[in-house]
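Here are the chains, one letter per residue:
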Amino acid sequence: MDPKALKDKAISAIESAPSAQELEEILRAYLGKKGELTIALKSIASLPEPEKQEVGKALNSLRDTLEQLAKNQKTRLLKEEVSLHEEQEFVDMSSPGTPAVKGSLHPLTQTQQKVKEIFSSMGFSSVTGPELEQEWYNFSALNVPENHPSKDMQDTLWLKEDSSKKLSSKEPLLMRTHTSAVQIRYMEKHKPPFRIIAQGRVFRNEATDARHEINFYQVEGLMIDKNITVANFRAVLQEFFRKFFGSDNLSLRLRPSFFPFTEPSFEVDMKCGICQGKKSSCSTCGGSGWLEILGAGIVHPQVLKNVNINPRLWQGFAFGMSIERLTMMKYHIDDIRMFYGSDIRFLSQFS
Amino acid sequence: MLFSYSLLQEHIKEPLPKPSALADALSMHAFEVDAVEKKEEEWVLDVSILPHRSDCLGHRGLAREIAAILSLQLKSLSLATVPSKTPITSVCPKIQPSLVSRYSALSLAGISMVSSPLWMRKRLKALGINAINAVVDTTNYIMVELGQPLHAFDLGFLERAPITIREARQGEEIALLDDQVITLPRGAIVMNQGGKLIDLAGIKGGKGSSVQEETLSIFLQSAVFDREHVYRARKTLRTTTLAADIYAKGVDPEGTFIALQRALFFLQDSFPHLCVLGVLDEYKNDQKPSPISFPQTLSEQILGIRIPSSQIKRILKNLGCAIAEEKKDHLRITPPSWRPDLLLPQDIVEEVGRIYGYEHVPAIMPTSLINPPDEADDLILAREIREVLKVLGMSETYTYSFLGASDPDILGYTEEERSMLLEIEEPVSQEFRYLRPTLIDTLLKAVAVNRLHNKKSSLKLFEIGSSFAPQEKGEYTCVIALPHDTGSESLDQVKGVAESLMSSLGIENSWIEQEDPQSLARKSLWHNKRTGKICAENQTVGIIGEISPHILLAMGIQGRVAAFSVDREIVSRMAKKDMLYSSLPKFPSVTRDISLLVPKTISVRAVTRGIESAKESYLTSIELFDSYEGEGISQGQKSLAFHLVFQSDERTLTNNEVDEELKNIVKKISQTFHWQERE
C-alpha cells in the first residue's frame, strides 16, 4: 500500500464527513482493529529492512495526523450539530412550570414565631404549660375569688366530674382560660428576676362568631424584677408593636380595667392602623380610632405571695394578648373562624 | 349597664360635658363605654361597670365617679324624712344575721296601683325597664338611681303569720311572681311564712306576697343580702334579674335607709295621703372598711411618674376617702363604705393613677440586666418539625380541640373507645362536647370539609397540638388524602414523610412495623391490614397507617387517606440536638442488585434484616427498589429487588471481592431463610 495514496484518501474522507457519527465510522475504517491503516501497520513486519523503517515512520506519522485531524473535525461537526439542534428547541417561555411541592405554615404559627423573636430580642424566654389545668393554676393562685362575678369574666370549660376522675383528679379539671396559668407554674419553679412569654391555646365556653372562638391562642408576658413600673411596661409593649407591625408611627393608650391578678390593671388600645382614627365609618376600629389589643397590669402582690416571692422586693408587669387579634390585624383577616376551618384555600395563602 | 345622661346630670351641680365627651372621659378613667345612643329623647350610655365596682351599679355611684374624674361637685340628694316617733313595723322578719347584713323597711299605707309619673315611666323605658305601677316603678327607679334593690310586699299578706328569712333546703319549691314554680338549690335566701316560701330574696319576688292590683298598704324592703349566697343561687338557678346582679357583686349597707327615704320622697308625690305606719332597721354594722397605710412614694414606684402629693390627696378625697397624715410621706386612707374593694396600698395607686390619667405615663425601657433568653425544648423541636414538614409539601392547619356529640359515631368509636373520652360539662354547643383523643380525628374532619369545596382536592395537612386520651399528650400529626388513590399512594407518601421527618430529626435507624389495630387505643380508626408502628431505639414513637375504609365511607371521603402521629415526649427525648459530620468515603463504592423470591407474608424489614445478618466485610447499605408479585412469580411469593452497596475504607474494592461477598450472602440467606435469588 502506498502511504501517500492512503493519506490522501483518508484525509479527503475525514474532511468530507457530514456528521460526527459518520466521522466515527470513517475513522474506524482506517484506525479500527480491521482498519486500512491498522492492517498496513501490521504488514510492515513483512517488509525488507530499509523499506520497513521508512514505511513504518510514514504510517505512524499518518496515524498521528489522522487522529489530530479527526479530533478537530469532530469538534467542528459537534459545534455545528449543537447549533442546529438549539435552533430547533423552541419552548414557549410563557407556559407555566412544573409546580414545585410547596407546604405552608399556619398564620397563627407565623405570628407566634414573630412574637417569640421580638420578645426574645428584649430578653424574654419562651416557656409552655398544659392546656388541661387545675383550678389552682388557672384561678386560685391568680387571686381570682371564689363565688365572685369576676370569676365569670371568663366562661370556663370544666370537665365532667367522671372525666376528671379518669385523670385521677379529685377536684374538677378545666381547660385553661388564659395563659396566665403558665405564669404560676413558672414562678413556682424559678426565682426572680425573670422575663418570660408563654404562648398557647386557651379556651372559653362562648358561642362562636366572627370575633369569638371556643379555642384561641394567647401570648402571656411576665417581667419581674426590682422597680419595674407601668412606664417600663409601656416601653416594652411599644417596642413590641413597633417591630411587629413594622411601623414607627404607633400610638398606644392605657385604660383602666380589672383583673384579679394585677393591680393596677389596664386595657391597652392601639391607634387604628387602617384609618389612623380619621374615619368614622372604619370597619376595623368601628370608627373609634382605637383597637383594643391586650389586657395587662402590675402583678398583684397576693399573686407573688402565692408563689413565695416577696412582693416587697420584687415587682413587675404581666400582660395577655390574643394571637388571633394580632394576626387578623396584620393580614387583614376579618373572621376568626378562618383560623380553625382548615380550608386549604386559606392555608395555602401562607406558604 | 344603661345610664341616663339626664339622670346623671341631676346628681351633679355643674353642667356635664356632651354625652360623647363624657363617654370618653369614663372610658379613659373608669369604665369602658360600649355605646352612646338617644332613646326616648334621652341620651343613654351603655357602660361596662367592672365586676369589683358594684358601687357604680346605680346613677348616683357613677355620678360620684364622674365628679371625681372631672373635678365636679355632687348635688345632695332630696330625701323624705321618716317621723322620729314612727313605731316599729308590724312585720318583723326573724333574720339569720349571716344572710342579711342590714335589713331596713317601711310599712306604708295610703297607696294604690296607679301609674307612676310620666317622667319616671319615660326614664325607665329609656333604661330598658317596663313601667308597671307607681309602687313597682319607684322601687325600680331607686334601684337604677342608687344601686339599692328594693322590694314592695303586700303588707296585709305579710301580717298573716310570722316570717323567717333563712337558707333554702335542697329541693324546696317556690312559686314566683311570674307564675313559674322553681326548685331551689340549698343556700338560696328565702322568706318563709308558716312553712310556705313566699319570696326568693334578692333575686325575684314570690307570687302572692308581692304587691297586687288591690294592695293598699305595702311593706317596702331595703335589704343587703349576703353577696355569696345570692351569687351561688343565681348561678345554680341560671336565672337573673338586675337586683340579683347587683346583690351578687355587693351592696353598700350604708345606703339602705337612704334608699327608703328617697323612695318615700317620690311616693309622696304620687300619693298625697301616704302614711308611714312603721319602720325597721336591723344593722349588723360589721363591715367597716379598714384604713390603709399608704406610702406616697408607692405611686411613683409603681407607675413610674411622680404625682404631686396635693393631687394624690385631692383625687382620693374626691373618691370619698378620708385622709390623715400618718408619718412622713405616709397617708392613712380610710375608704368609703361603698368601696370595699380598696384594701391594699396598690389599690390606692390604681385609683390615683387612673384618675390622674395613664396618658401621663411615659415609655421608659427597663434598665435592669438581661439574662440571655431561653426557649423551651418543645418549642424548638416543634419549630424544626414545622420547617421539615413544610419543605416536604405539607400544609399546617389548626383544628378544634374538640369532637362534637355525633363525631364518635361517624368516626366509628366502639364502646371501649368512647369510655376514654373526656367530656365537657355543659359546653356552649354540642359541637364541643368531647376533647379529641387524637389529632387525626379532627384532621379527618378537616379533609371532609375541604372535599365539600372541591371533591378532587388532594390534601397534605399537618398539625402540632395536644390531644387527650385521656392524658394530655403532645402530637405531631400528618394526614395525606388523595382522592384518586386506589392503591397505596397515600400510604406510601405518608411513609415517606414520616421517614424523612425521623431522619431530619436525627432519629437514625427508625423503622415501621406491622401492627394489628386491635391492640391500639384508637383501634377503629385504622385499616386492619395497613397499620404500623413507627419504632426507633426499641420504642414505639408513633402510629402510621391508612384510615379505616369504614370511616372514609361514613365520612363520604373518596379515595384513600393515610396518616401518622408521633408522640412529642418520645420524639423530644430521641431527637439529636447536635448532628456530627461523618467523613466522606475515600474510595469508590460498588453497587450490585439482587432480587429475592420470598414468601408474600414476610415483611421488607425482615428480609432487609436477613440480608444484613448475612453480610461479611464490605456491605454498607441495603435499599429496596422494587417489589413485585403476580405473573411469573409463583403463588404465595413475591420478588423483592435491592441495591446492595459495598465499600471499604482502605482501598478500592475489586469486582472479585464484591462478587465473592455477594455470593456468600446469597448462599447464607438461602440456607438460613430459604430465600432464593430470582434468575
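Residues numbered from 1 in each chain as written. Chains lettered and ligands numbered in written order. Predicted model: local features only at pLDDT ≥ 70, side-chain atom pairs only at ≥ 80, totals over all residues. Heavy atoms only, no water.

Trainee: So what exactly am I meant to see when it comes to the overall build of chain B here?
Mentor: Looking only at helices and strands, one finds 21 helices and 31 strands in chain B. In summary, chain B has a C-alpha radius of gyration of 40 Å against a globular reference of 26 Å for 679 residues, an excess of more than 25%. Dimensions of chain B along its principal axes, counting C-alpha atoms only, are 125 × 60 × 45 Å. Relative to its full complement of 679 residues, chain B shows a buried share of 52%. Restricting the contact set of chain B to residue pairs at least 6 apart, pairs at least 24 apart contribute 70%. As presented, chain B carries roughly 31,200 Å² of accessible surface, and 50% of it is formed by carbon and sulfur atoms. Separation between the mean location of the 75 positive side-chain charges and that of the 90 negative ones in chain B comes to 4 Å. (Helix = DSSP H or I, 4+ residues; strand = E, 2+ residues; numbered from the N terminus. Rg over C-alpha atoms; globule rule 2.2 N^0.38 Å. Buried < 20%, exposed > 50% of the residue type's maximum accessible area, 1.4 Å probe, protein only. Contact = heavy atoms within 4.5 Å. Areas by Shrake-Rupley, 256 points an atom, 1.4 Å probe, with all protein chains shown as cover. Lys, Arg positive; Asp, Glu negative; His and termini not counted. Charge placed at Lys NZ, Arg CZ, Asp CG, Glu CD.)

Trainee: Looking at this model, I keep getting lost on the overall build of chain A. Mind explaining?
Mentor: Along chain A, the regular secondary structure elements total twelve helices and ten strands. Taking 351 residues into account, the globule formula puts the C-alpha radius of gyration at 20 Å, and chain A, at 41 Å, lies well above it. Expressed along its principal axes, the backbone C-alpha trace of chain A runs to roughly 125 × 50 × 45 Å. Scored against the burial criterion, the 351 residues of chain A give a buried share of 53%. Partitioning the intrachain contacts of chain A with sequence separation of at least 6 by distance along the chain shows that 67% fall at a separation of at least 24. For chain A, the computed accessible surface area is about 16,800 Å², with 50% contributed by carbon and sulfur atoms.

Trainee: Help me understand the domain arrangement of chain A, please; the structure alone is not making it clear to me.
Mentor: Accessible area lost during the coming together of the parts is what is often quoted as the interface size. Domain boundaries assigned for chain A yield domain 1 (3-87) and domain 2 (107-350). Each of domain 1 of chain A and domain 2 of chain A was reduced to a C-alpha centroid, and the two centroids are 86 Å apart. (Domains from an automatic or database assignment.)

Trainee: Any chance you could explain the sheet that holds strand 1 (residues 125-127) of chain A here in plain terms?
Mentor: Strand pairing in a sheet is mediated by backbone hydrogen bonds. Such pairs are either parallel or antiparallel. Residue and element names in this part refer to chain A. Sheet architecture is open: seven strands sit in the order 1-5-6-10-9-8-7, paired in mixed fashion. Whereas interior strands pair on both sides, the edge strands pair on one side only; in this sheet they are strand 1 and strand 7 (252-259). Direction aside, neighbouring strands of the sheet carry axes that sit 25 degrees apart on average. Both strand 1 and strand 5 (residues 194-203) contribute to a ladder of three bridges, which runs parallel. Opposite S125, over in strand 5, you have I196 as the bridge partner. (Pairing = 2+ DSSP bridges. Axes fitted to C-alpha atoms, helices over the stretch in contact; angles between N-to-C directions.)

Trainee: Teacher, can you tell me more about the domain arrangement of chain B here?
Mentor: In terms of domains, chain B is made up of domain 1 (2-70), domain 2 (94-283), domain 3 (292-358), domain 4 (377-574) and domain 5 (590-677). Look at where the C-alpha atoms of domain 3 of chain B and domain 4 of chain B centre, and you get two points 57 Å apart.

Trainee: Would you take a moment to explain the side chain of E133 of chain A for this structure?
Mentor: Residue and element names in this part refer to chain A. Positionally, E133 belongs in strand 2 (residues 132-133). You can call E133 buried: its relative accessible area is 1%. Separated by 2.6 Å, the side chains of E133 and R185 make a polar contact. If we ignore the near neighbours within four places in the chain, the residues touching E133 are L173, L174, R176, A181 and R185. (Polar contact = N/O pair within 3.5 Å; in protein donor to acceptor, adjacent residues only side chain to side chain.)

Trainee: What's the story with helix 4 (residues 49-87) of chain A in this structure? I'm lost.
Mentor: Side chains of residues three or four places apart in an α-helix project in the same direction, reflecting 3.6 residues per turn. Residues and elements named next belong to chain A. Given a rise of 1.5 Å per residue, 39 residues ought to cover 57 Å, and the 57 Å separating the end C-alpha atoms of helix 4 matches this to within 8%. Residues V55, G56, L59, L62, L66, L69, A70, Q73 and L77 constitute the buried set of helix 4. Turning to helix 4, the residues buried within the fold contact helix 1 (3-15), helix 2 (20-31) and helix 3 (36-43). (Expected span 1.5 Å × (residues − 1).)

Trainee: Just to check I follow, could you spell out the pairing of strand 23 (residues 472-482) of chain B for this structure?
Mentor: Look at any regular strand and the pattern is simple: side chains alternate between the two faces of the sheet. All names here are of chain B. Within strand 23, nine of the eleven residues are buried, which leaves it mostly tucked inside the rest of the structure. Two elements, strand 22 (residues 459-468) and strand 23, share ten bridges in a ladder whose sense is antiparallel. By the bridge assignment, G465 is partnered in strand 23 with E475. Once strand 22 ends, the chain turns through three residues before running back antiparallel as strand 23. Here strand 23 pairs with strand 27 (residues 560-567) via eight bridges, running antiparallel. Within the sheet, the bridge partner assigned to I480 lies in strand 27 and is A562.

Trainee: Mind showing me how you'd approach the pairing of strand 9 (residues 290-299) of chain A here?
Mentor: Residue and element names in this part refer to chain A. Counting buried positions along strand 9 yields nine of ten residues, so the element is predominantly enclosed. One ladder, built from eight bridges, connects strand 8 (residues 262-271) with strand 9; its direction is antiparallel. The residue bridging E267 from the neighbouring strand is G295, located in strand 9. Pairing between strand 9 and strand 10 (residues 315-322): five bridges, direction antiparallel.

Trainee: Would you mind going over the state of the cysteines with me for this structure?
Mentor: Covalent bonding between the sulfur atoms of two cysteines is what defines a disulfide. Counted by the stated rule, this structure contains zero disulfides over all chains. Cysteine C92 of chain B shares no disulfide, and the gap to the nearest cysteine sulfur, in C275 of chain B, comes to 17 Å. (Disulfide = S-S within 2.5 Å.)

Trainee: Explain the environment of F124 of chain A to me, please; I cannot follow it from the model alone.
Mentor: Along the chain, F124 of chain A falls in the loop between helix 5 (107-121) and strand 1. Taking the C-alpha atoms as reference points, F124 of chain A and I214 of chain A, 90 residues apart in sequence, are found 28 Å from one another. In contact with F124 of chain A, not counting residues within four places along its chain, are F119, R195, I196, I197, L222, M223, V236 and F317 of chain A together with P373 of chain B.

Trainee: What is the right way to read the nonpolar core from this model?
Mentor: Across soluble globular proteins, you tend to see nonpolar side chains buried next to one another. F241 of chain A together with Y103 of chain B are the most contacted members of the largest nonpolar core, which totals 164 residues. For this core, the element with the highest residue contribution is helix 9 (residues 230-245) of chain A, accounting for eight residues. Setting aside chain neighbours within four positions, we find F241 of chain A in contact with G246, L250, L252, M270, I293, L294, M321 and L326 of chain A. In this structure, L7, A134, V144 and L146 of chain B belong to the second largest nonpolar core, which totals 34 residues. (Core = buried A, V, L, I, M, F, W, Y, C linked by side-chain atoms within 4.5 Å.)

Trainee: Explanation requested: the packing of aromatic side chains in the structure shown.
Mentor: Each aromatic ring pair is specified by the distance between its two centres and by the angle formed by the two planes. Evaluation of the coordinates by the stated rule reveals 30 aromatic pairs over all chains. When the centroid spacing of 5.8 Å and the interplanar angle of 85 degrees are considered together, the rings of F203 of chain A and F402 of chain B count as edge-to-face. In this pair, F203 of chain A sits in strand 5 while F402 of chain B sits in strand 19 (residues 402-403), so the two residues belong to two different chains. Like F402 of chain B, F203 of chain A is buried. (Phe/Tyr/Trp six-rings, centres within 6.5 Å; stacked < 30°, edge-to-face > 60°.)

Trainee: I tried to follow the interface of chain A and chain B on my own but got confused; where do I start?
Mentor: Of the residues lining the interface, 85 residues belong to chain A; the matching set on chain B comes to 83 residues. Contact with chain B buries surface across chain A, with N147, P256 and E263 of chain A losing the most and accounting together for 9% of the total. Put simply, chain A and chain B have four salt bridges between them. Close ionic contact of R201 of chain A with E463 of chain B constitutes a salt bridge, the shortest N to O distance being 3.7 Å. On the surface where chain A and chain B come into contact, there are 44 residue pairs in polar contact (both at pLDDT 80 or more). Residue composition of the side of chain A that touches chain B, by class: 37 nonpolar, 27 polar and 21 charged. Judged from the two bridges that link them, strand 3 (residues 157-159) of chain A and strand 20 (residues 424-425) of chain B form a sheet pairing that is antiparallel. For W158 of chain A, the partnering residue across the bridge sits in strand 20 of chain B and is E425 of chain B. (Buried area = accessible area lost by both parts, 1.4 Å probe. Salt bridge = Lys/Arg side-chain N within 4 Å of Asp/Glu carboxyl O. Nonpolar A, V, L, I, M, F, W, Y, C, P; charged D, E, K, R; others polar.)

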